[in-house]
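# Coordinate inspection notes
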Amino acid sequence: MNSFTFTQATAVAGAVQDKAAHDDAAYIGGGTNLIDLMKENVARPTHLIGLKKLGLDTIETLPDGGLRLGALATNADTAWHPEVEKRYPLLNQAILAGASPQLRNMATDGGNLMQRTRCYYFYDLATPCNKREPGSGCSAIGGYNRVCGILGTSDQCIATHPSDMCVALAALDTTVRVSGPNGERTIKFEDFHRLPGDHPERDNTLEPGELITGLDLPAKGFEKNFSYLKLRDRTSYAFALVSVAAALELEGTLIKDARLALGGVAHKPWRDKEAEAMLVGQRATADTFRRVAAKVLENAKGYGANTFKIELAKRAIVRALKQATEMNQVLDTNAFQNSNP
Amino acid sequence: MSHTTDYIGKPTNRVDGPAKVAGTAKYAAEFSVPNLLYGYVVSSPIAKGKITKIDSAPVLALPGVQQVFSHENVPSLAFLDRSYKDDVAPGGSPFRPLHDAEIKYSMQPVALVVADTFELARYAASILHIEYEEAAHETELVKHIDEAFEPGRGKTGYKPPKSRGNFGKGWKQGVAHMEANYSHHAQHHNPMEMFATTVEWLGDKKLTVYDKTQGVFNSQQYISKIFGLSKDEARVISKYTGGGFGSGLRPQYQLFLAVMASLQLERSVRVSLTREQMFSFGHRPETLQHVAMATAEDGSLTGINHFAVAETSQFEDFTENVVGWTGTLYDCKNVELGYRLSKLDVFSPLDMRAPGAASGSIALEIAMDEMAYAAGLDPLEFRIRNYSDFDQAQNLPYSSKALRKCYAEGAAKFGWEKRTAEPGSMRDGKMLVGWGMGGGIWDASKMPAVVKASLDADGHLTVSSGTNEIGTGTYTIMTQIAAESMGLPIEAVTFVLGDTTLPESPLQGGSWTAASVGNSVVEACTKLGEALLKQAQKMDNPAFKDTKIDDVQFANGQLRLRSDETQAVVLRDLVQASGEPKIEAENSTVLAKLEMLKPPKYSMHAHNAVFVEVKVDPDLMTVHVTRVVNAVAAGRIINPKTARSQVLGSVVWGISSALMEESVMDHRFGRYMNHNYAEYHVPVNADIHDIDVIFVSEEDDKVNPLGIKGLGEVGLLGVAAAVTNAIYHATGKRVRDLPVTIDKLL
Ligand SMILES: Cc1cc2nc3c(=O)[nH]c(=O)nc-3n(C[C@H](O)[C@H](O)[C@H](O)COP(=O)(O)OP(=O)(O)OC[C@H]3O[C@@H](n4cnc5c(N)ncnc54)[C@H](O)[C@@H]3O)c2cc1C
Ligand code: SF4
């Protein structure tokens, strides 16, 4: 870890200016990811800009019935916010499936979007990694890639975005609000994270110096039929091998609207709109779900240690959609998961 | 002497609990000494090759950086291998930190940067430029089975496995058979407290060394020999250890580095390792095993074959008893055992909780389950039919063996009789239910230990010995034993440990501390009792004239006549009357040492039986260990409370081994890749459900006077196998490569 200077920003404009004024500056939210990366020498900023005093930690209802999450609201405050619990229970479940209570108390919503991959090689300077050092090679391909992706990968990088929260945000059609040297703009959630392609060093479409100020959730929260299913190596405090956010609008057993997003499988939360379209107008049956699952994984590619994820993802999709339909979590894996959030 | 108070066998709170909870218990990296320098270790990114260049100048130019130590400037030290051997070093040539340019394994320490602050040292280490010339490395055990060799005598405690009878004949006699291969990967101890050493420079080569270790004397003799220090110059202290599990049995390299830097710079120095560096030394070795068994019509075993190949380093032959237990645990005439090592470019493996037995019992106890199915028998019934009443391996009777009780009481508590044999036949709603069992055996050992008992004029008893507290409850049980021996309330007794100025005790390991130090506490107290009686006799009290130690007892803080309890003197008054500040006595280890030279008359072992319930999601194949009953026969239990904690921890570890724990190596780099707590998975609270611990009664007057067999390790045995067997029972899937992660069940 190198030495750094620190300023506590009190206004968005000031933060953006401060960032532009330094070559190697970084914003810091809860620091739960950035500080780790600094300790491992993966990130070496020389200047940190604290965001916690920006006043962006509020959660407010919007005139159109949506909800605005301040970028600096903590993951814990967001999950347990009454409006989130009541109207966006999918988001509540997804956040609580991630990390640990201590981490969620520190971690911010903006930081959650920006957290970097947990690919082992990315974290270990002794090994080549295109994301850390472009052009050095991808060690995960042909290596220990159990945690890596199966969808939308490239021959440069097969890393995943590790967030749980973002999977629900993707499913819910969130809009990301940002502020930067060129003013403010919004980014559709599906356009925020990117696929690795030839530039795995870029996780998202944020321009240099841009700051996330908030996340806007549309009014529709799918609070009646939803499920966040996370499969991992232990029941808590582990990243998803595969996770599924499923949300349905049902009329009897008829599917009127559907959302389906996956975590742990790609460089971004994997939302499949074609699969969603396949669900709409169908009866919510195991058969339908299986067909949809097969479609989502149609072009999946395994890399050895992670090939099992293809089958696991299919089963997880079916289960999540089933749970969203039946909304009973009596006796299955989720019962164990939820007994200890 | 007699026991009149009642501390032994009573659940007793940890005497060191308040200090730990309040944060006043100090660990090696927490001793603040004045003018401290901080060392940060630089680790090798390559697994084999040599260092060609170290560019220290830019680092040394940073204000506050004191020195960069590497093979280029390490002082000349002891020459012979012998000087680098610690008490439990295996055969071979011990690793010498910063010795030369050669890289022997990935993450080998290659330099130590010493600076005024920890942060500066860490930063300086991160910019230290080192160049390497890489050489091809070999780290993959399966590729080197053919080169495996039979180790010689190996390290202390290693018993080359002995075959008996004729397995080939036994195999042919059998009517049912099983044969399979088993494997598990390397595991790292990963105690919560990372390795650290704080060396206080007291001037003129005199050091006080606060070390994370399981044996202060081992650390002391190691640095004394290497650096030519006298015992007085190298005092080692370790009052608390934040978990050891065997990792602290050998001195780790931060001890060497901190002492070396302190002597060179003539300053106090602390070196602490990072979590990542906790993967840079000993580990439970990856082990590949093969088991074949055959049974006769009546389910009795006609032959067992158990063979293991384990990894070791290029420089030492680390041996453990993996297959030997197989020859003892079950009754069988034809047993063929084999154990080999293969040298790889890794650091030497190291004893890790139940070394050898934990690995061996995975294969043996899964194989027993497979054999039970092949023979059409219930796994418990099968084990009972092959119960060993006489140790055929040592050709000795057992000093005691209450394993039958473990089977009976464990099964009853678990409800085993309701089990239906067919895999997949039990359900709880949609979840598949599986019940599996296993068990194990561990040595009941005792080593010579010296204890001093000292009573002061306030009537306070201080008992001391240079043993260690690794969280097992040593402070507490020794205090209980001493209080009971001297008839004092527990508050009037203090046990002191973890300092080389105290009487010498063995390493804290092998489950022998309770028996070794515990019995010595009784002996020292007996000696003290004799001294007190002598003092009473000096005091012209006619009642004690001509009395022998057996005629008196110690109770209520008094020395009194057995025949007439009203004839009593207060212990405090005896000390006061002596005119000395205290009366003290030490036990002698002469007899204990002689005893060790004699061939044993009995086979002395602790045993256990474990019953496990898993629930498996039939679609997603997620596994939940919902119930465990672990019944243990370990002789006399001094403190059921701390003993239970030992077994609970063992069960959690067993679940961990079965389902999640493994150090994953990328063989292209010869490097463990999941070197942190986020990715080296051990269970969290949500993974652990009901655990029942039963201590079956087992009286043993042969094993040692207190009848203690030790508990640190036996509770782990059979747990991983029982979980795996339960998964088979639930799903019909037999996984033989641990851990059983979700991908292996899909
Ligand atoms: C052991 C462990 C386990 C975890 N398990 C999980 C899990 O299971 N599921 C899961 O989803 N997450 C998990 N996490 C990750 C955790 O959710 C993230 O670390 C956290 O959300 C990051 O938020 P932060 O505020 O601490 O970000 P920081 O560490 O402060 O910042 C992360 C990055 O975001 C940038 N940044 C921060 N705020 C902004 C902003 N407003 N605008 C622009 N850039 C910004 C920073 O510059 C930095 O690059 C785990 C983390 C750890 C350490
Ligand atoms: S998958 Fe991406 S992050 Fe991982 S090693 Fe390859 S390039 Fe690096």
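Being a predicted model, the structure only gives us computed values, none of them experimental.

### Points about the overall build of chain A
When its secondary structure is counted, chain A shows 14 helices and 12 strands. Its C-alpha radius of gyration of 19 Å places chain A within 12% of the 20 Å reference for a compact globule of 341 residues. Taking the principal axes of the C-alpha coordinates as reference, chain A spans close to 60 × 50 × 35 Å. Looking at chain A as a whole, 60% of its 341 residues qualify as buried. If you take every contact in chain A between residues at least 6 apart in sequence, the share linking residues at least 24 apart comes to 64%. Accessible area for chain A stands at about 13000 Å²; split by element, carbon and sulfur atoms hold 50% of it.

### A closer look at the site of ligand 1
Surrounding ligand 1, one finds 31 residues, the nearest of these being Tyr 27, Gly 31, Thr 32, Thr 108 and Asp 164 of chain A. More than a single chain frames ligand 1: its nearby residues are located in chains A and B. At a separation of 2.5 Å, an oxygen atom of ligand 1 approaches a polar backbone atom of Tyr 27 of chain A. At 2.9 Å, a backbone N or O of Ile 212 of chain A approaches a nitrogen atom of ligand 1.

### With respect to the domain arrangement of chain B
Residues and elements named next belong to chain B. What the domain assignment reports for chain B is domain 1 (17–24 + 448–595), domain 2 (31–136 + 191–274) and domain 3 (144–187 + 283–445 + 601–744). Taking the mean C-alpha position of each, domain 2 and domain 3 sit 36 Å from one another. Contact with domain 2, which involves 26 residues of that partner, is made by 22 residues of domain 3. Across the domain 2/domain 3 interface, buried area totals approximately 1900 Å², and carbon plus sulfur atoms make up 59% of it. Counting every contact that joins domain 2 to domain 3 gives 2 salt bridges. On inspection of domain 2 and its partner domain 3, the count reaches 6 residue pairs in polar contact (both at pLDDT 80 or more). Taken together, the residues that form the side of domain 2 that touches domain 3 break down as 14 nonpolar, 8 polar and 4 charged.

### What to know about the interface of chain B and chain A
Counting residues at the interface gives 41 residues for chain B, matched by 42 residues for chain A. When chain B packs against chain A, close to 3600 Å² is buried across both sides, 59% of that on carbon and sulfur atoms. If you look at where chain B meets chain A, you find 4 salt bridges. Counting the contacts that link chain B with chain A gives 13 residue pairs in polar contact (both at pLDDT 80 or more). If you list the elements that add at least two residues to the side of chain B that touches chain A, you get α3 (118–127) and β29 (623–633) of chain B. The element contributing the most residues to the side of chain B that touches chain A is α3 of chain B, with 4 residues. In terms of residue class, the side of chain B that touches chain A is built from 18 nonpolar, 11 polar and 12 charged.

### Some words on the side chain of Ser 238 of chain B
Residues and elements named next belong to chain B. Looking at where Ser 238 falls in the secondary structure, it is placed in the loop between β11 (234–237) and α6 (253–265). Taking the relative accessible area as the measure of exposure, Ser 238 reaches 3% and is therefore buried. A polar contact of 3.4 Å, which involves the side chain of Ser 238, links it to the side chain of Thr 241.

### Comments concerning the site of ligand 2
Near ligand 2 lie 13 residues; those nearest to it are Cys 119, Cys 129, Cys 138, Cys 157 and Ile 158 of chain A. Taken together, the residues of the shell around ligand 2 sort by class into 9 nonpolar, 3 polar and 1 charged.

### Section: the domain arrangement of chain A
Often the size quoted for an interface is simply the accessible area lost on bringing the parts together. Taken domain by domain, chain A comprises domain 1 (5–52) and domain 2 (225–328). Centre-to-centre separation of domain 1 of chain A and domain 2 of chain A, based on C-alpha positions: 36 Å.

### What about the packing of aromatic side chains?
Here the structure, examined in full by the defined rule, presents 26 aromatic pairs over all chains. Aromatic side chains Phe 122 of chain A and Tyr 123 of chain A sit 6.0 Å apart centroid to centroid with 85 degrees between the ring planes, which places their arrangement in the edge-to-face category. One exposure class covers both Phe 122 of chain A and Tyr 123 of chain A, and it is buried. On the numbers, 5.7 Å between centres and 75 degrees between planes, the contact of Phe 95 of chain B with Tyr 105 of chain B is edge-to-face. Of the two residues, Phe 95 of chain B is situated in the loop between β4 (91–92) and β5 (102–103) and Tyr 105 of chain B in the loop between β5 and β6 (109–115); the sequence distance between them amounts to 10 residues. Positioned over the ring face of Phe 195 of chain B is Lys 212 of chain B, at 5.2 Å from the centre of the ring.

### Digging into the sheet that holds strand β3 (residues 47–50) of chain A
All names here are of chain A. Strand order in the open sheet formed by 3 strands is β1-β3-β2, and the pairing between neighbours is parallel. Either end of the sheet is taken by a strand with one partner, and the two such strands are β1 (5–8) and β2 (25–28). Strand-to-strand twist in this sheet, taken as the mean axis angle between neighbours without regard to direction, amounts to 25 degrees. Both β1 and β3 contribute to a ladder of 4 bridges, which runs parallel. Residue pairing across strands places Thr 7 opposite Ile 49, the latter belonging to β3. With respect to the sheet, helix α1 (residues 12–21) is in contact with β1, β2 and β3, its orientation differing from that of β2 by roughly 150 degrees.

### Regarding the pairing of strand β13 (residues 287–295) of chain B
Residue and element names in this part refer to chain B. Most of β13 sits out of view: 8 of its 9 residues are buried. The pairing of strand β8 (residues 176–184) with β13 spans 9 bridges and is classified as antiparallel. Residue pairing across strands places Glu 179 opposite Ala 292, the latter belonging to β13. The loop that links β13 with its antiparallel partner strand β14 (residues 301–312) comprises 5 residues; one of these, Gly 299, has a positive phi angle of about 85 degrees.

### Observations concerning the environment of Asn 519 of chain B
All names here are of chain B. Topologically, Asn 519 is positioned in helix α12 (residues 513–538). Between the C-alpha atoms of Asn 519 and Ile 481, which are 38 residues apart in sequence, the distance is 8.7 Å. For Asn 519, the contacting residues outside a window of four places in its chain are Lys 446, Ala 514, Asn 704, Pro 705 and Leu 706. Here Asn 704 takes part through its side chain, which lies 3.1 Å from a polar atom of the side chain of Asn 519.

### So, the packing of helix α8 (residues 357–375) of chain B against helix α16 (residues 719–731) of chain B
All names here are of chain B. Taken N-terminus to C-terminus, the directions of α8 and α16 make an angle of 35 degrees; their axes are 8 Å apart at the nearest point. The interaxial crossing formed by α8 with α16 has right-handed handedness. Together, Ser 361, Ile 362, Glu 365, Ile 366, Asp 369 and Tyr 373 of α8 and Ala 720, Ala 721, Thr 724, Asn 725, Tyr 728 and His 729 of α16 make up the contact between the two elements. Broken down by class, the residue content of the contact of α8 with α16 amounts to 6 nonpolar, 4 polar and 2 charged.

Definitions and limits used
Along each chain, residues carry numbers from 1 onward, in the same order as the chain's sequence is written. Chain letters and ligand numbers both follow the written order, the letters beginning at A and the numbers at 1. Local features in this predicted model are restricted to residues of pLDDT 70 or higher, and side-chain atom pairs are both shown and tallied only at a pLDDT of 80 or more, whereas totals for entire chains, interfaces and linings draw on every residue. By convention in this description, side-chain values take in all heavy atoms of the structure and omit both hydrogens and water. A run of H or I in DSSP becomes a helix once it reaches four residues, and a run of E becomes a strand once it reaches two; helices and strands are each numbered from the N terminus. It is over C-alpha atoms that the radius of gyration is taken, and the globule rule equals 2.2 Å times the number of residues to the power 0.38. The classification of residues rests on relative accessible area computed with a 1.4 Å probe and restricted to protein chains. Under 20% of the type maximum is buried, over 50% is exposed, and intermediate values are partly exposed. Any two residues whose heavy atoms approach within 4.5 Å are treated as being in contact. For accessible areas, the Shrake-Rupley method is used with a probe of radius 1.4 Å. Any residue's cover is judged against the shown protein chains and nothing else. The criterion for a residue being near a molecule or strand is simple. One of its heavy atoms has to lie within 4 Å of it. Between N or O atoms, a polar contact is any pair within 3.5 Å; within protein, one atom must be a potential hydrogen donor and the other a potential acceptor, and residues adjacent in sequence are included only when both atoms are from side chains. For each domain, the first and last residues come from an automatic or database assignment. Accessible area, probed at 1.4 Å, shrinks when two parts are joined; the buried area is that loss added up over both. Each salt bridge in this description consists of a side-chain nitrogen of Lys or Arg and a carboxyl oxygen of Asp or Glu lying within 4 Å of one another. Polarity classes work like this: nonpolar for Ala, Val, Leu, Ile, Met, Phe, Trp, Tyr, Cys and Pro, charged for Asp, Glu, Lys and Arg, and polar for all others, with Gly in that last group. Pairing of aromatic side chains requires ring centres within 6.5 Å, counting the rings of Phe and Tyr and the six-membered ring of Trp. Pairs whose planes differ by under 30 degrees are stacked, by over 60 edge-to-face, and all others tilted. Look at NZ for Lys and CZ for Arg. If either is within 6 Å of the ring centre and within 35 degrees of the ring normal, a charge sits over the ring. Any two strands with at least two DSSP bridges between them are considered paired. Simply put, an axis is a line fit to the C-alpha atoms, just over the touching stretch for a helix, and the angle between two N-to-C directions goes from 0 to 180 degrees. Helix crossings are classified by the rotation of the near helix relative to the far one: an anticlockwise turn of less than a right angle makes the crossing left-handed, while a clockwise turn makes it right-handed.

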